[in-house]
Number of protein chains: 2
Amino acid sequence: MHVPCHATTFDHSVKQILKIMAFLRFIFLLVLLNTSITYCQENHTPHIWKGPLVITYKENNEHQCFDEDLQLHCTSWRFAVEANNLGPWKTIPKECHHHVKDYILGKGYKFDIERVSKEAGAFAASHELSADGRDIWVFDVDETLLSNLPLYYEHSFGLEHLDSRDFYKWVEKGTAPAIQASLELYQEVFKLGYRIFLLTGRNNKHRDITIENLVCAGFHHWEKLIMRNPEDRAKLATIFKSEKRNEMVEEGYRIVGNSGDQWSDLFGSSMSIRSFKLPNPIYYIP
Amino acid sequence: MHVPCHATTFDHSVKQILKIMAFLRFIFLLVLLNTSITYCQENHTPHIWKGPLVITYKENNEHQCFDEDLQLHCTSWRFAVEANNLGPWKTIPKECHHHVKDYILGKGYKFDIERVSKEAGAFAASHELSADGRDIWVFDVDETLLSNLPLYYEHSFGLEHLDSRDFYKWVEKGTAPAIQASLELYQEVFKLGYRIFLLTGRNNKHRDITIENLVCAGFHHWEKLIMRNPEDRAKLATIFKSEKRNEMVEEGYRIVGNSGDQWSDLFGSSMSIRSFKLPNPIYYIP
């Protein structure tokens, strides 16, 4: 869509723009909250949701103005993340904190996620399924089906490293909302006749709450939910997930599609025919 | 680098910004021209360069103003290209023509290319080379070592599909300039002790001019230049390049790094330990 525009487009003051951004963030969080609650009510599993998702937005106006070189530098960093050009990284570059926050809470992240789902859906529909019912679609869980943004919001969107205890404390709440566009893709590939395998790096100790959270967020009908057992704990995600995909192939399944927010979800052995990389500029899993 | 900035940053009129962009483009083309000529003179191969690289910049001001949703839509499209989320595409989306042109001729493309080279160089230096001299780095040629931007400038930066006859007419000029950041990476990996393999989809009929162009642009000391022979012509690039990488591995080489602007340069069998995807929002090769 190309909307003709005018010179006055540039005439907003920084203050006005900040106000609009704050409003957009508020709307985003409201949608997140509504989406989550709606799924709970639809599925009649009120015991899962421990209460409304409350996020207090702390406005911080420092350095929110536009610096072209900084924006390009941070966009370039995000591109490098998404194209798998970076080596292992622990935290986002300090100078890109506001850029990443604005990307996540603004329209950029939403646009990118919706595009991935749209492309994946088009491919899923165009691919001719075999009659034997052995065509599968693999989904990762965190930042692919479920969003942990409420947690990362509290941890500066990747500026500080999150340790696994804090992550699992959050997991045990079972309140991670669905990523809307991924839920739609999930339902679409299921309807098309793919079998769905969930392959997550989450520890199997948190199996029950993970299932509850997934169901509560609207995900049903998966064939298998594969999680890390004690013997997998020391393995890199690429190795663990490759091994599990190898097993699927050995069992006679054909991995047609694979959706994940990390390259370690997608690369390795027994790769899918097409893989779909959801954006994630907050954390990196090797 | 985080430069403190002020509300006045937004107070440029569209006219002023267009002037700055036109100036940046002029500088870019001047640098391109100078770089190309410099290499020719350094290598004393004046017969290769058929004359100065003349590009007339045709300014077109329509629709050059800022439309946030359109920018996000086109940035999202570029992300999908770079993350390998798109299926085969022939031309760039019509509405993203100005976005792609501004990205290529502005600082974005330059920033992204420099980052890829920097990351690749850091990895190349950190990787411990084996004593047997069998560690190699694979480079693609077009839009990886050599830039065909002068050609794509004349063909609307991917808005119109370029047929192979027009491409090879350009190739036969032998005037494609080096991509500066890639030349630096190339020289760095060579100095580190990697053997360099060039693996290009170019037809072997154009071998002599390709060698002349590469040498003229500053690329020397490669181990092998692998091009498409008649029997490879119908193969997808992914297949052709995988077969050639398989041969390298069978010959006892270890593919440590692989640099290319297309996922078909990087994906497939006998993949490198780390691959580096240079940006290319202009064309797609399956």
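Look up a bit, the structure's there.
So, a few notes on the structure that sits alongside this text. All of these numbers come straight from a predicted model, not from anything done at the bench.

What follows deals with the overall build of chain A. In terms of regular secondary structure, chain A is built from 10 helices and 5 strands. In chain A, which comprises 286 residues, the share counted as buried stands at 54%. Counting only contacts in chain A whose residues sit at least 6 apart along the sequence, the fraction spanning at least 24 positions is 74%. If you sum the accessible surface of chain A, you get close to 12800 Å²; carbon and sulfur atoms cover 57% of it.

Taken as a whole and judged by the stated rule, the model has 33 aromatic pairs over all chains. A ring pair is formed by Trp263(A) and Trp263(B), whose centres lie 5.1 Å apart and whose planes are at 20°; its orientation type is stacked. Here Trp263(B) lies in helix α10 (residues 263-266) and Trp263(A) lies in helix α10 (residues 263-266), a pairing that spans two chains. With respect to class, Trp263(A) is no different from Trp263(B); both count as buried. With centroids separated by 5.4 Å and ring planes inclined at 40°, the aromatic side chains of Phe139(B) and Tyr186(B) adopt a geometry described as tilted. With Phe139(B) in strand β1 (residues 135-139) and Tyr186(B) in helix α7 (residues 180-192), this pair connects stretches of sequence that are 47 residues apart. As far as burial versus exposure is concerned, Phe139(B) and Tyr186(B) are alike and both buried. Members of the aromatic cluster, joined through ring pairs, are Phe123(A), Trp137(A), Phe139(A), Tyr186(A), Tyr194(A), Phe219(A) and Phe276(A). Across from the ring centre of Tyr103(A), 3.8 Å away, lies the NZ or CZ of Arg78(A), which sits over that ring.

Let us now look at the sheet that holds strand β3 (residues 224-228) of chain B. Residue and element names in this part refer to chain B. Strand order in the open sheet formed by 5 strands is β3-β2-β1-β4-β5, with parallel pairing between adjacent strands. The open sheet has two edge strands, β3 and β5 (274-277), and neither has a second partner. Here the strands of the sheet are splayed against their neighbours by 20° on average, with no regard to which way each runs. Relative to β5, strand β4 (residues 254-260) runs parallel, the two sharing 4 bridges. Note on β5: the bridge partner recorded for glycine 257 is arginine 274.

Bringing the nonpolar core into the picture now. Residues and elements named next belong to chain A. Counting 57 residues, the largest nonpolar core has Ile104, Trp137, Phe139, Leu198 and Phe219 as its most contacted members. Among the elements that line this core, the one with the most residues is helix α4 (residues 107-126), at 6 residues. Residues contacting phenylalanine 139, with those up to four places away along its chain left out, are Thr144, Leu145, Leu185, Tyr186, Val189, Ile196, Phe197, Leu198, Leu199 and Ser259.

Let us now look at the state of the cysteines. Residues and elements named next belong to chain A. Summed over the entire model, instances satisfying the criterion amount to 2 disulfides over all chains. Each sulfur in the disulfide pair cysteine 74 and cysteine 96 lies 2.2 Å from the other. Between cysteine 74 and cysteine 96, the S-S torsion sits near -90°, and that sign places the bridge as left-handed. One end of the pair, cysteine 74, is in helix α2 (residues 68-82); the other, cysteine 96, is in the loop between α2 and α3 (97-105), with 22 residues separating them in the sequence. The exposure class of cysteine 74 is buried, given its relative accessible area of 0%.

Further remarks concern the side chain of Glu82(B). Within the element layout of this structure, Glu82(B) appears in helix α2 (residues 68-82). Judged by relative accessible area, Glu82(B) falls into the buried class, the value being 4%. A distance of 2.6 Å separates polar atoms of two side chains, one belonging to Glu82(B) and the other to Lys277(B). Dropping the residues within four chain positions of it, Glu82(B) is found in contact with Phe79(A), Glu82(A), Ala83(A), Trp263(B), Lys277(B), Leu278(B), Pro279(B), Asn280(B) and Pro281(B).

For the rest of this paragraph, the subject is the pattern of salt bridges. Should their charged atoms come close, side chains of opposite charge can pair. One pass over the full model with this rule turns up 30 salt bridges over all chains. With a shortest N-O distance of 3.1 Å, Lys224(A) and Glu251(A) are connected by a salt bridge. Of this pair, Lys224(A) sits in strand β3 (residues 224-228) while Glu251(A) sits in the loop between α9 (237-250) and β4 (254-260), and the two are 27 residues apart along the sequence. Residue classification places Lys224(A) among the partly exposed residues on the basis of a relative accessible area of 32%. The partly exposed category is assigned to Glu251(A), whose relative accessible area is 35%. A salt bridge links Asp163(B) to Arg165(B), with the shortest nitrogen-to-oxygen separation between them at 3.1 Å. A relative accessible area of 28% places Asp163(B) in the partly exposed class. One connected set of salt bridges, linked through shared partners, spans Asp132(A), Asp135(A) and Arg254(A).

The strands that make up a sheet are held in pairs by hydrogen bonds between backbone atoms, and each pair lies either parallel or antiparallel. Residues and elements named next belong to chain A. Pairing in this open sheet of 5 strands is parallel, and the strands run β3-β2-β1-β4-β5 from one edge to the other. Each edge of the open sheet is held by one strand with a lone partner, namely β3 and β5 (274-277). Going across the sheet, the axis of each strand differs from the next one's by a mean of 20°, ignoring polarity.

Attention now goes to helix α8 (residues 207-216) of chain B. Residue and element names in this part refer to chain B. Those residues of α8 that sit buried are Ile209, Thr210, Asn213, Leu214 and Cys216. Along the axis of α8, the buried positions cluster into a sector of 165°, meaning they face one direction only. Following α8 by one or two positions, glycine 218 has its phi on the positive side, about 110°.

Here we come to the packing of helix α3 (residues 97-105) of chain B against helix α4 (residues 107-126) of chain B. Residues and elements named next belong to chain B. Remark: α3 packs on α4, axes separated minimally by 3 Å, with the N-to-C direction vectors making an angle of 55°. It follows from the interaxial angle that α3 and α4 lie oblique. Along the contact surface, α3 presents Tyr103, Ile104 and Leu105, while α4 presents Lys107, Gly108, Tyr109 and Asp112. In the contact of α3 with α4, the residues fall into 4 nonpolar, 1 polar and 2 charged.

What counts, and at which threshold
- Residues numbered from 1 in each chain as written.
- Chains lettered and ligands numbered in written order.
- Predicted model: local features only at pLDDT ≥ 70, side-chain atom pairs only at ≥ 80, totals over all residues.
- Heavy atoms only, no water.
- Helix = DSSP H or I, 4+ residues; strand = E, 2+ residues; numbered from the N terminus.
- Buried < 20%, exposed > 50% of the residue type's maximum accessible area, 1.4 Å probe, protein only.
- Contact = heavy atoms within 4.5 Å.
- Areas by Shrake-Rupley, 256 points an atom, 1.4 Å probe, with all protein chains shown as cover.
- Phe/Tyr/Trp six-rings, centres within 6.5 Å; stacked < 30°, edge-to-face > 60°.
- Lys NZ or Arg CZ within 6 Å of the ring centre and 35° of its normal.
- Pairing = 2+ DSSP bridges.
- Axes fitted to C-alpha atoms, helices over the stretch in contact; angles between N-to-C directions.
- Core = buried A, V, L, I, M, F, W, Y, C linked by side-chain atoms within 4.5 Å.
- Disulfide = S-S within 2.5 Å.
- Polar contact = N/O pair within 3.5 Å; in protein donor to acceptor, adjacent residues only side chain to side chain.
- Salt bridge = Lys/Arg side-chain N within 4 Å of Asp/Glu carboxyl O.
- Arc of directions from axis to C-beta.
- Parallel < 35°, antiparallel > 145°, perpendicular 65-115°, else oblique.
- Nonpolar A, V, L, I, M, F, W, Y, C, P; charged D, E, K, R; others polar.

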